[in-house]
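# A look at the structure
Each chain is listed here by its residues.
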Amino acid sequence: MSIFSTCEIQVKDAITLMAVSNSAINPSIALGTLSKIILYNDGGDKYDYELARGVQPTSIEWHPNQQVLAIGWQNGTVTLWQEDQRQAKEETVAHKDVPVSLIHFNSSGSRMVTADNNGTVIVWRGITIMSVYKSEGQMTHCIFVELNNIIKSSNLFFFGGKAGLVSLADDSKHCSEVCKIVGSIKSLMIYEKTNSVLIITSGLLLVQFKISVTEKSLPDKRVKFTIAGDIEQLQSVWIGSCLIATSSNENMIRMWHLDQDENYVMTLHDVQEMYPSENLLNDKLSCCAYNNRSKHMVAGTKEGKAILWKNMAYDENPIESEQWKANPYIQVGNSGVLGISIGKNGIMAVRTANNVKLISETQVKGKMDELVRILQIDSKQILIYLKQDANQPQSMFMFDSRYNVKSIDCTNKLMLVHSSNRIEIHEFINSQITPKANIEKRCIKSALYGEDVLLVFESSIQVINYAGVEKQNPIQISESDGQINGMNTNSRFMVFWTTGNYFRLYDMGRKELRLLGVNRKFENAEGSLGTLKLCQINSDGTKVGILADNHGSVRDKVFVYDLDVDTFQSYELPINLKAVDIQWDQNDPRFFGVLTTISKKKQEETQDIKGNQFYTFFYNQQNGIREQDCYNLEKNQESVFAVRIPHIIVAQQITTKDKLQTYRLFDIIMNDFVGLEKAEDATKRAVTNFSFHLSCGNLDEAYKSVKAIQNPKVWERMAQMSVKTKRLDVAEICIGNMRFARGSKAIRETKKEPEYEAQLAMVAVQLGMIAEAEKLYQQCKRFDLLNQLYQANGEWEKAIEIAEKHDRINMLSTYYKYARNFEVSKEYELAIKYYELSGNAVKEVPRMYLEADELPLLEDYIGLKKDAQLYKWWGNLQESQEKFDEAEKYYRLANDTQGVIRILIFKGNMKMAKDFCNDKRDPGAYYYLAKYFESQNLFNDAIQYYANAQYYSEAVRLAKQQNLPNEVMSLSLQAPKQVMIQSAIYFEGRNIIDKAVMLYMKGGQLQKALQLAQKQKLTEYVRKIQQEMAMMKQDDIPDNLPQSKQTSNVLQANPVMQQNVQPGSFQDLMNKKLFDKALELCMSQQIPLTEQLVQKMIDETDEKKKKDLTQNIAEVAKKMNNYEIASKMYIQLGERTKAMKALIKLGDSEKVIAFANNARMAEIYILAGNFLQSGEWHKTPELMKHIIQFYNKAKAYDHLSGFFEQCSAVEIDEYRDYEKACAALKESIKHAQKSQNQLKTQQLQQKLSLIEQFVRAKNSQDPKEMIAICNELLSNPNIEYSVRQGDIHAELIEFYYSQKDVKDGIKENIAKSIFRSRISTFQLYSLDSNIEYICSEKWRRSWNEQAANLIRRREFLRGRNNR
């Protein structure tokens, strides 16, 4: 937290030059006009002298370490003005009569470079000339540099100017041209990381080239800038180690990050948000500069404003605009800003044409003692809190200083106010402030020391009394230690640190300052620990808390120096947090806190923190730094003023009634003491000691410190401490002393959880520590429990986020519970949204609206979603309310055929029910209608609809009851094997042996079928059964059930299963090369055989035993259904037939085809052809080609004949193409004749004859001939094996319909045909209204549907028997 102090300087003449000195104690500001140099102090007071030479000063520069001002004049004179001695040294000849355009010092100030408009460059030591160089044109830029790994010399420099020539020179008369670019040089910078020089030209080109002292360098990188402003006003600033900032009269500053090769802009939008009533976006930035001390980017605008952005990045190289924090602007003047100058002391001077605004950043300072607290709230205001004694309430009042305050200090009786050139001492008397002393001294910082005052200078510390008299010898700082960089004190001790990374501790409790320990450097045995940034000493002077620059590390560290053992301990802060302040407790030397702020990196997630965080710690020698707690400060709580257990005192920004921003002090009670504010001091000390010992892991000492306490509130606070320190055992003791039964139960139940953090989190929930529970659940990644916690706490958005990102297994249930939550609050739209996300909308939305009696909303929702399940639900509701028309409407929308059939039956509309059922062909609707027909004793219809529903067992049952053997037979052939066997028993009981034998065969009971056929001397059936049994015996592969895919995956993932097998047993057999036993174990324990395992067995087996092992592997693999490995083993053994059978079991058509082509054996060709017929060969021409090819190669004409017979059946069943069927049968007959199978040839010829007759009838022009042929075909008992009776009936009906025959005639002919067909009972009663339907192609399909399956099965059986 900082305050910007300002001071204005008014000048009558036009200001042309400006420079701020680098002195920390007596800074000066030099202003150049058209005729003279005017000097001012940092308070804006003009010195009593001016520097004039009768000509215009053209260039000025302050020495980096001394109060020496270098001035270049228009006549070429160079002046060195020593301000302390008020003496001038001049050289008039070097640049005689040529204006000096450039003055630049090196970092130590031992060398100075000047240049003029004619290109003369001179190197100086003091006022003595060392080297003179001549270049082209006016020189405008110069920079000193140390080149890494090339040369170490602070006197090496580059210079260049408007001619575009860049040269490298030193002070020893060595100069060489480095490069020349097109245009003039607008900026010259050193990129030390890459030993490169960066040049920005007037053509907006960034040129980079490597530096070499031995040869001319060539540019290795050229980048074109994109700038929309005025090129002539282009200014460039180097920031950190790799960042360039440019301004060019735009409303933004452009940033170029060289390491990341990225760029971004900082605009006035962030500043505009602070001033909504003003219009800042139209302003333009005319110049810019960077303050390396305060880390501020400063920009001047055309409207006279100074805009400041604070650099918040770790490494001072921000890679995005979010790492810059905008500050309120400062009005400099009414005209545009023309220049900015910044000294090493941090003073920023911003000038317009006639005035200068001095800006200095002051950290908000405060100090406290037992009875007094003081806080600087403005550059000249101090807020004072004062008590008369410890028991009195404090009073608050303001103190206004006449000068800008640099530092403050106080005791219970005195207050010190330090401004730029004086120190004021004030005394507190009866709530009044009385001046006590006024000391005119300039120093960096001052502090009260008893009845004396400490004065801190750059290289010494003095002790003076109130009269300004020195009381003791000053403390001197050697040049090797550097200069004093800062100092802090408490009531008795002091610590200061230097730029050389040293710090010292002093005891202020004695008459004279006494050094504690030694002058200590901030390093350990491994080297430097960083650069000292802030030091604070504890209350007993034995520990120093240290903050240091982390040199770009992502994690910042906090250090503690232990004076007693002379060691450093460190603690690494969480990522993206930057330490900005450290505070020791006023009384407890073990306790301190660290204030942190966020400094996020690009594309990295940061913690969800509104403001700063304050971490508290304990320190001891044995355990080092132990974190105690963490406090999230509010956004307006900008700094921590002090720590005094049990309070953390913060400075909080508030808005007054006049809408002004100011600061006040507020006490935050520590978490461990909530509810114990009024407890006795002994209790507070006990709680503090408990927290200390607990954080150090010393349970015994922690318990001893609080065992005498009886207050349950104290035990509750200690239980909470135990959770924070992750000591569940201690929490159990504390909760027991709280007499908290629910908490004790929670501890017992938490032990069921495997994660220790999850156990702690559950206890934290019982203690009301919700935030701590969240952290613990996140640490152990128990997002399921975190999800439940958010739900129970009503934080549904967080619960949803956790479920979607980390707990997806519970995501749907979270959606569902969230929807229920909205349902309770009657937010139906949101409830519907999350019911839909949970996948329960179909069930829950109707229930929700129904329970809420919001049926109109429900109907609208169903109409909007158009979901079949919702339509069905609404139809059920309407049906229950006897709104049958509405119910039927929604059942139809839902495509619920059973619902529609149910409504139609209830209405008595059977015709529409049957039409709807036949149109939808839904098995459930068929079944429902069949049950209805059965209840109405319409058995024929019931049988038909049971069959259509594929409930063959019901259809067969009903056919048996009605004594319809033909129906029983036709239905049984379509039914499962169990129904076939039951029907076979039925026929056997009725002595219809041929049907019984056929059904036994189809049902797989071949032995029973053979016995019956032999008994009844059914020779043909005996032959067919024997052929079938012979085919089965050929295949000696056991018909084991294959492993499921899931089981196979498990086995492959875990070769050694856990089923009664001890771990290592299988491996033991393998190691002993007992491969036969290993194979037995594989088979018994279902351990899969992999190719690697098999190959290992074969490779490690003797040649004599390899064949037996391979045979054993093949048999085991086959029994384990691993047919691929079995086939490979059989191939190695030369048993090709067995290999083919294994491949067939594998079911891979491509491998079967490939193997058959390679084997070239007749038996294998036949096996391959038989296997390919089991696939969809009629849809795949390539398979048909392979089948014909294999049978031809094997000369298996009988098989080939059977295949063409099947082709003929497919043409009839699928396409009703009898012409193609004839062609296929002719091919079948041709191959049957080759096989010399006379019986089969005769059967095929008979079948071909019948089909040809039907083709002739179809194509006949003579009606009588057609009718005669059809009747003849229908009278043939074997017609069903050749021509489908439905097709013959269709031809007849089409003829009658075309002749306009009366309906009764059509009924009679169809009835006769049905009587002879023995297929199924037709619905004669519907003919009156369905004549046109009967004559259509649709009827023909429905008629053939029942017969097709029966005929196809019989033909297939006959064809298989023939093969």
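Quantities reported herein were computed from a predicted structural model and do not represent experimental measurements. (Residues numbered from 1 in each chain as written. Predicted model: local features only at pLDDT ≥ 70, side-chain atom pairs only at ≥ 80, totals over all residues. Heavy atoms only, no water.)

## So, the overall build of the chain
- When helices and strands are tallied, the chain shows 44 helices and 62 strands.
- Among the 1363 residues that make up the chain, the fraction classed as buried is 52%.
- Considering only residue pairs separated by 6 or more positions, the chain has 45% of its internal contacts joining residues 24 or more positions apart.
- As displayed, the chain offers around 64,000 Å² of accessible surface, 46% of which is attributable to carbon and sulfur atoms. (Helix = DSSP H or I, 4+ residues; strand = E, 2+ residues; numbered from the N terminus. Buried < 20%, exposed > 50% of the residue type's maximum accessible area, 1.4 Å probe, protein only. Contact = heavy atoms within 4.5 Å. Areas by Shrake-Rupley, 256 points an atom, 1.4 Å probe, with all protein chains shown as cover.)

## Focus: the sheet that holds strand β38 (residues 407–410)
- Across the sheet, four strands lie side by side as β38-β39-β40-β41; this open sheet has antiparallel pairing. Of all the strands in the sheet, just β38 and β41 (432–439) have a single pairing partner and so form its edges. The sheet shows a mean angle of 20° between the axes of neighbouring strands, direction not considered. (Pairing = 2+ DSSP bridges. Axes fitted to C-alpha atoms, helices over the stretch in contact; angles between N-to-C directions.)

## A look at the packing of helix α32 (residues 1123–1133) against helix α33 (residues 1136–1146)
- Here α32 crosses α33 at 165°, and the two axes come no closer than 8 Å. It follows from the interaxial angle that α32 and α33 lie roughly antiparallel. Crossing geometry of α32 relative to α33 is assigned as left-handed. Contact with α32, carried on its side by Tyr1123, Glu1124, Ala1126, Ser1127, Tyr1130 and Ile1131, involves Lys1138, Ala1139, Ala1142, Leu1143, Lys1145 and Leu1146 of α33 and no other residues of that element.
- For the contact of α32 with α33, a count of residues per class yields eight nonpolar, one polar and three charged. (Parallel < 35°, antiparallel > 145°, perpendicular 65-115°, else oblique. Left-handed = near helix turned anticlockwise from the far one by under 90°. Nonpolar A, V, L, I, M, F, W, Y, C, P; charged D, E, K, R; others polar.)

## What to know about the sheet that holds strand β17 (residues 175–180)
- Taken together, the four strands give an open sheet; going across it, the order is β14-β15-β16-β17, and neighbouring strands pair in antiparallel fashion. Whereas interior strands pair on both sides, the edge strands pair on one side only; in this sheet they are β14 (139–144) and β17. Strand-to-strand twist of the sheet, defined as the mean angle between neighbouring strand axes without regard to direction, takes the value 25°.

## Brief notes about the packing of helix α11 (residues 811–824) against helix α12 (residues 828–838)
- For the pair α11 and α12, the least separation of the axes is 8 Å and the interaxial angle reads 165°. By the angle class used here, α11 and α12 are roughly antiparallel. Between α11 and α12 lies a crossing of left-handed hand. Where α11 approaches α12, its residues Leu812, Tyr815, Tyr816, Tyr818, Ala819, Arg820, Phe822 and Glu823 are matched on the opposing element by Tyr828, Leu830, Ala831, Tyr834, Tyr835, Leu837 and Ser838.
- Its residues assigned to classes, the contact of α11 with α12 shows twelve nonpolar, one polar and two charged.

## Quick notes on the pattern of salt bridges
- Counting across every chain of the model gives 46 salt bridges.
- Among the salt bridges present, the one from Lys305 reaches Glu303, with a minimum N-O distance of 3.3 Å.
- Residue classification places Lys305 among the buried residues on the basis of a relative accessible area of 7%.
- We classify Glu303 as partly exposed; its relative accessible area is 36%.
- Two residues, Glu934 and Arg957, come together in a salt bridge whose shortest N-O distance is 3.0 Å. Remark: Arg957 occurs in helix α21 (residues 952–961) and Glu934 occurs in helix α19 (residues 923–935); sequence separation between them is 23 residues.
- By relative accessible area, which is 27% here, Arg957 ends up partly exposed.
- Sharing partners across several salt bridges, the network here consists of Arg820, Glu823, Glu844, Arg847 and Glu851. (Salt bridge = Lys/Arg side-chain N within 4 Å of Asp/Glu carboxyl O.)

## Focus: the nonpolar core
- Membership of the largest hydrophobic core comes to 54 residues, with the highest contact counts inside it found for Phe1066, Leu1089, Met1097, Ile1113 and Met1140.
- The residues contacting Met1097, other than those within four sequence positions of it, are Met1070, Phe1075, Ala1078, Leu1079, Leu1109 and Ile1113. (Core = buried A, V, L, I, M, F, W, Y, C linked by side-chain atoms within 4.5 Å.)

## Examining helix α9 (residues 783–792)
- Counting buried residues along α9, seven of its ten residues qualify, which places the element largely inside the surrounding structure.
- Residues Phe783, Leu785, Leu786, Asn787, Leu789, Tyr790 and Gln791 constitute the buried set of α9.
- Considering only its buried residues, α9 is in contact with α7 (756–766), α8 (770–779), α10 (796–805) and α11.
- Positive phi shows up at Gly794, right after α9, with a value of about 75°.

## Focus: the pairing of strand β32 (residues 348–351)
- Residues Met348 and Val350 point to one face of β32 and Ala349 and Arg351 to the other, with burial holding for every one of them.
- Strand direction decides the pairing type here: strand β31 (residues 339–342) and β32, joined by four bridges, are antiparallel. Bridged to Ile342 within β32 is Met348.
- Between β31 and β32, which follow one another and run antiparallel, lie five residues, and Gly346 among them has a positive phi close to 95°.
- Note: β32 against strand β33 (residues 355–363), four bridges, orientation antiparallel.

## Points about the side chain of Gln536
- Among the secondary structure elements, Gln536 is positioned in strand β52 (residues 531–537).
- Judged by its relative accessible area of 14%, Gln536 is buried.
- For Gln536, the residues in contact, after removing those within four places along its chain, are Asn488, Val495, Lys543, Val544, Gly545, Ile582, Gln583 and Trp584.

## Some points on unusual backbone geometry
- Note the cis peptide between Ile645 and Pro646, where omega equals 15°.
- Within the fold, Pro646 resides in the loop between β60 (637–644) and β61 (647–655).
- One non-glycine residue, Asn249, lies in the positive phi region at around 65°.
- Relative to the elements of secondary structure, Asn249 occurs in the loop between β23 (243–247) and β24 (252–257).
- Given the relative accessible area of 21%, Asn249 is considered partly exposed.
- Look at Asp853: it is not a glycine, yet its phi comes out positive at around 55°.
- Tracing the chain through its elements places Asp853 in the loop between α13 (841–851) and α14 (855–865).
- Classification of Asp853 by relative accessible area gives exposed; the value is 61%.

## Brief notes about the environment of Lys635
- Topologically, Lys635 is positioned in the loop between β59 (624–632) and β60.
- Lys635 gets classed as exposed once you look at its relative accessible area, which sits at 69%.
- When the C-alpha atoms of Lys635 and Asn612 are compared, they prove to be 7.0 Å apart, with 23 residues separating the residues in sequence.

## A few points about helix α25 (residues 1006–1015)
- Looking only at α25, the buried set comprises Leu1006, Ala1009, Leu1010, Leu1012 and Ala1013. One face of α25 carries all of its buried residues, which in axial projection span an arc of 165°.
- Trailing α25 by a residue or two, Lys1017 shows a phi angle of about 55°, which is positive. (Arc of directions from axis to C-beta.)

## Concerning the packing of aromatic side chains
- Applying the stated criterion across every chain yields a total of 37 aromatic pairs.
- Linked through ring pairs, Phe503, Phe522, Phe559, Tyr561 and Phe568 together constitute an aromatic cluster.
- Between Lys305 and the ring centre of Tyr329, over which it is positioned, the NZ or CZ distance is 5.3 Å. (Phe/Tyr/Trp six-rings, centres within 6.5 Å; stacked < 30°, edge-to-face > 60°. Lys NZ or Arg CZ within 6 Å of the ring centre and 35° of its normal.)

## Considering the pairing of β61
- Bridging between β60 and β61 involves six bridges; their strand directions are antiparallel. Counted as the bridge partner of Val643 is Ile648 from β61.
- Linking β60 to β61, which pair antiparallel, is a turn of two residues.
- Sheet topology places β61 next to strand β62 (residues 661–669); nine bridges connect them, and they run antiparallel. Counterpart to Val650 in the pairing with β62 is Phe666.

## A word on the side chain of Ser248
- You can see Ser248 is positioned in the loop between β23 and β24.
- A polar contact is formed between the side chain of Ser248 and the side chain of Glu250, at a distance of 3.2 Å. (Polar contact = N/O pair within 3.5 Å; in protein donor to acceptor, adjacent residues only side chain to side chain.)

## Notes on the environment of Gln788
- Among the secondary structure elements, Gln788 is positioned in helix α9.
- Along the chain, Gln788 and Asn810 lie 22 residues apart, while their C-alpha atoms are 9.8 Å from each other.

## Considering the confidence of the model for the chain
- Put simply, the chain has an average pLDDT of 82, and 90% of its residues get 70 or more.
- Here residues 602–607 is a poorly scored stretch, pLDDT under 50, and it has 13 contacts once near neighbours within four places are set aside; other chains count. (pLDDT = per-residue confidence, 0-100.)

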